[in-house]
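Below are the chains, spelled out letter by letter.
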Amino acid sequence: MNTTDLDGISLEQALIDFEVANARVIDLTARLTSLSKELLQAKTELATVKLRNSAPEGSAPYRAINVGDVAELEQLRDKLRQLRASRAVQIASVFSGKLRQVLA
Amino acid sequence: MSRPRILHCITVYNGRAFVPAAIESALRFDKTDADIDILILDDASPEPGWSEELAAFCRQRDVMYYRTPRNLGIPRNVSLGMLTAVKRGYDYVVISNSDVIYPATLMSAMLPVARQKGVGSVTAWSNNVSVYSLPNLDPNQHLKDQGVVDWLHATLNGHFGDAAMDIPAGISFCIMIPIDVVKDVGIMDPCFGRGYCEETDWSLRSLAAGYRICLAPGTFVFHHGRGSNLDAGIVSPNATTVPGNEAIIDLRYPQFRQQVEGFIHSGILARAHEDALSHIMRSAAQQFGYSLEVGPVAGNGTNENNVRVCLSPGGYSSSAQVAFRGFRLDIPFDPSDAGASVRAYFEREPSNINVFDRGAGSTHHDEALPGQLHKRNYPSFI
């Protein structure tokens, strides 16, 4: 039926389209991965802000959220270790089963 | 300079009612300035028997015909034409819809524009070419005729010559692209699926590559509009575009809508419309004559070739309405000497003067011009 043969050109065009589509899939996958991470981080931050705003000041959840920065947290943990290692706590644990459970 | 070779591609999808007229008018192309080959790209039209009929039609007229093995969609069908032009050593490719009527000397008018420095694409002017359209009340009634298209094209070409109007985006209803630009910018993006907005994307890519996007005001191609797309079911009868494809344009070119608004409000287009309509009216009046119509009621204006100038009586307005084949234009005139103003505008006397009146006024006219008035429609519509 055709009066001119464009099959070869049509095939070449299909290959060009495929190359473009393939490059786009690779690019979009990379972008999707990166944006998913970003989205997860943003969701976490949003949830934290929501909790902070909804918990009454001084309440346990409020304190749990507002623990301060990482350095402060490390400082508190260090203090806890020192307390646990202190002679007074060691002696007290000899006489208290409950204290031994807490320190375990 | 050797004669340039042009591949004129007409994309087809069904369209039994209008495709033959488009091909016939393309076969009339004047080949003084270029060698022109016509390629019909049938995108696997599903209408029973139509592809066979079209193939035979093309074979009889020595026109290249190719039916794709499966439906590609407009962007990929257009790309096939662009790639064919590259592969077969053409200098220019023209991409065109199939619901059009071309003037015979279209290529001679488009080529000088396409040859200008930095031009990446040239869109023909038309009654239906997106925001650039020359406004007409009913193009199908008034303009869908080979003789009228030839006349309008010659008239506009005589006035605008090879002027190039820079526009925000090209329209592929009839667009000429130099092959070097195709090689540089590439083909249409297939992400536009079955079509619409692909040429906007392409021309904005060409703009980013440093090329000008131009419209040739010295041309005129009749375009029915949306014929192929309605047939293909891409757009519904009441819709003008594909929202999903517009969203891609918005994402890729966030400034584009503002650029179009800016272009429209710059006044360039309005000035071009006014210049074109004014020249069309004057040329038609010179060639076919014009009638001066005065009165509070309008006449019928049965002769489409006649330019009608309608004046309101009593000097209530300082502009007159001029009408010709669905085109409308307001022209300024001096109410104290309306006749002289109109004569000066058209640089000739009117072919006839018609006065339309009712009631008591008509009696006075009857007394003033005994035997010269034709009365119609009781009680007295002169």
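Small disclaimer: the values here were computed from a predicted structure and weren't measured. (Residues numbered from 1 in each chain as written. Chains lettered and ligands numbered in written order. Predicted model: local features only at pLDDT ≥ 70, side-chain atom pairs only at ≥ 80, totals over all residues. Heavy atoms only, no water.)

On to the overall build of chain A, then. When its secondary structure is counted, chain A shows five helices and zero strands. Reading the helices (α) and strands (β) of chain A from amino to carboxyl end gives α-α-α-α-α. Relative to the globule expectation of 13 Å for 104 residues, the C-alpha radius of gyration of chain A, 31 Å, shows a markedly less compact shape. Reported as C-alpha extents along the three principal axes, the dimensions of chain A are approximately 105 × 30 × 25 Å. In chain A, buried positions account for 10% of the 104 residues. (Helix = DSSP H or I, 4+ residues; strand = E, 2+ residues; numbered from the N terminus. Rg over C-alpha atoms; globule rule 2.2 N^0.38 Å. Buried < 20%, exposed > 50% of the residue type's maximum accessible area, 1.4 Å probe, protein only.)

Moving on, we come to the pairing of strand 4 (residues 92-96) of chain B. All names here are of chain B. Counting buried positions over the five residues of strand 4 gives five, a clear majority of the element. Alternating residues of strand 4 divide into Y92, V94 and S96 and V93 and I95, and every residue in both groups is buried. Pairing of strand 1 (residues 5-12) with strand 4, which is carried by five bridges, proceeds in the parallel orientation. Across the sheet, residue C9 finds its bridge partner in strand 4, namely I95. Relative to strand 8 (residues 174-178), strand 4 is paired through five bridges, and the arrangement is antiparallel. Bridge assignment links I95 to a residue of strand 8, and that residue is I175. (Pairing = 2+ DSSP bridges.)

For the rest of this paragraph, the subject is the packing of aromatic side chains. Residue and element names in this part refer to chain B. Counted by the stated rule, this structure contains eight aromatic pairs over all chains. The interplanar angle of 45 degrees and the centroid separation of 5.6 Å between the aromatic rings of W151 and F288 together place this pair among those described as tilted. With W151 in helix 6 (residues 146-160) and F288 in helix 12 (residues 268-288), the pair connects residues that are 137 residues apart, well separated along the chain. Among the aromatic residues, those joined into a ring-pair cluster are W151, F288 and F324. (Phe/Tyr/Trp six-rings, centres within 6.5 Å; stacked < 30°, edge-to-face > 60°.)

Moving on, we get to the interface of chain B and chain A. Between chain B and chain A, the contact holds 23 residues from the first and 15 residues from the second. At the boundary of chain B and chain A, one finds three salt bridges. For E12 of chain A, the salt bridge identified is with K87 of chain B, shortest N-O distance 3.0 Å. Every element with two or more residues in the side of chain B that touches chain A is listed here: strand 2 (35-42), helix 2 (50-60), strand 3 (64-67) and helix 3 (74-87) of chain B. Among the elements that make up the side of chain B that touches chain A, the one with the highest residue count is helix 3 of chain B (six residues). Its residues assigned to classes, the side of chain B that touches chain A shows twelve nonpolar, three polar and eight charged. (Contact = heavy atoms within 4.5 Å. Salt bridge = Lys/Arg side-chain N within 4 Å of Asp/Glu carboxyl O. Nonpolar A, V, L, I, M, F, W, Y, C, P; charged D, E, K, R; others polar.)

Before going further, it helps to examine helix 1 (residues 7-54) of chain A. Side chains that are three or four residues apart share a direction in an α-helix, a result of its 3.6 residues per turn. For helix 1 of chain A, built from 48 residues, the straight-helix expectation of 70 Å at 1.5 Å per residue is met to within 8% by its first-to-last C-alpha distance of 67 Å. Listing the buried residues of helix 1 of chain A in full gives I9, S10, Q13 and D17 of chain A. In this structure, the buried side of helix 1 of chain A is in contact with strand 3 and helix 3 of chain B. (Expected span 1.5 Å × (residues − 1).)

The next point concerns the confidence of the model for chain B. All names here are of chain B. Mean pLDDT for chain B: 89, with 85% of residues reaching 70 or above. Across residues 378-382 the pLDDT falls below 50, and counting only partners more than four positions away or on other chains, this stretch makes 19 contacts in the model. Two summary scores accompany this predicted model of the complex, namely pTM at 0.81 and ipTM at 0.75. (pLDDT = per-residue confidence, 0-100.)

Residues and elements named next belong to chain B. Core analysis: the largest hydrophobic core is formed by 83 residues, its most contacted members being I40, W125, M176 and F346. Take this core: its biggest share by element is eight residues, from helix 12. Not counting chain neighbours up to four residues away, the residues in contact with F346 comprise M281, R282, A285, Q286, Y290, V307, V309, V322 and I331. Core analysis: the second largest hydrophobic core is formed by 27 residues, M64, L72, I179 and I187 among them. (Core = buried A, V, L, I, M, F, W, Y, C linked by side-chain atoms within 4.5 Å.)

Residue and element names in this part refer to chain B. Burial of strand 1 is extensive: seven of the eight residues sit out of reach of the surface. Here strand 1 pairs with strand 2 via eight bridges, running parallel. Paired with I6 across the strands is I36, a residue of strand 2. As for the winding sense of the linkage, the β-α-β connection from strand 1 through helix 1 (residues 19-27) to strand 2 is right-handed. (Right-handed = clockwise from strand over helix to strand, strands pointing away.)

It is possible for side chains of opposite charge to pair when their charged atoms get near one another. Applying the stated rule across the entire model yields 21 salt bridges over all chains. Notably, a salt bridge pairs E74 of chain A with R77 of chain A, separated by 3.5 Å at the nearest N-O pair. A residue pair is termed a helical-turn pair when its members lie 3 or 4 positions apart in one helix, as E74 of chain A and R77 of chain A do in helix 3 (residues 70-85) at three residues. Given the relative accessible area of 40%, E74 of chain A is considered partly exposed. Residue classification places R77 of chain A among the partly exposed residues on the basis of a relative accessible area of 43%. Here R28 of chain B and D150 of chain B are joined by a salt bridge, their closest N and O atoms 2.8 Å apart.

Quick look at the sheet that holds strand 14 (residues 352-355) of chain B now. All names here are of chain B. A sheet is described by the order of its strands in space; here five strands give the open sequence 13-12-11-10-14, paired in mixed fashion. Both outer strands of the open sheet, strand 13 (327-332) and strand 14, are each paired with one neighbouring strand and no more. Direction aside, neighbouring strands of the sheet carry axes that sit 25 degrees apart on average. Here three bridges tie strand 11 (residues 307-311) to strand 12 (residues 319-324), and the two strands are oriented antiparallel to one another. In the strand pairing of strand 12, V309 is matched with V322. Along the sheet, helix 12 makes contact with strand 10 (290-294), strand 11, strand 12 and strand 13, crossing strand 13 at roughly 95 degrees. In the packing of helix 13 (residues 338-346) onto the sheet, contacts are made with strand 10, strand 11, strand 12 and strand 13, and the angle to strand 11 comes to roughly 150 degrees. (Axes fitted to C-alpha atoms, helices over the stretch in contact; angles between N-to-C directions.)

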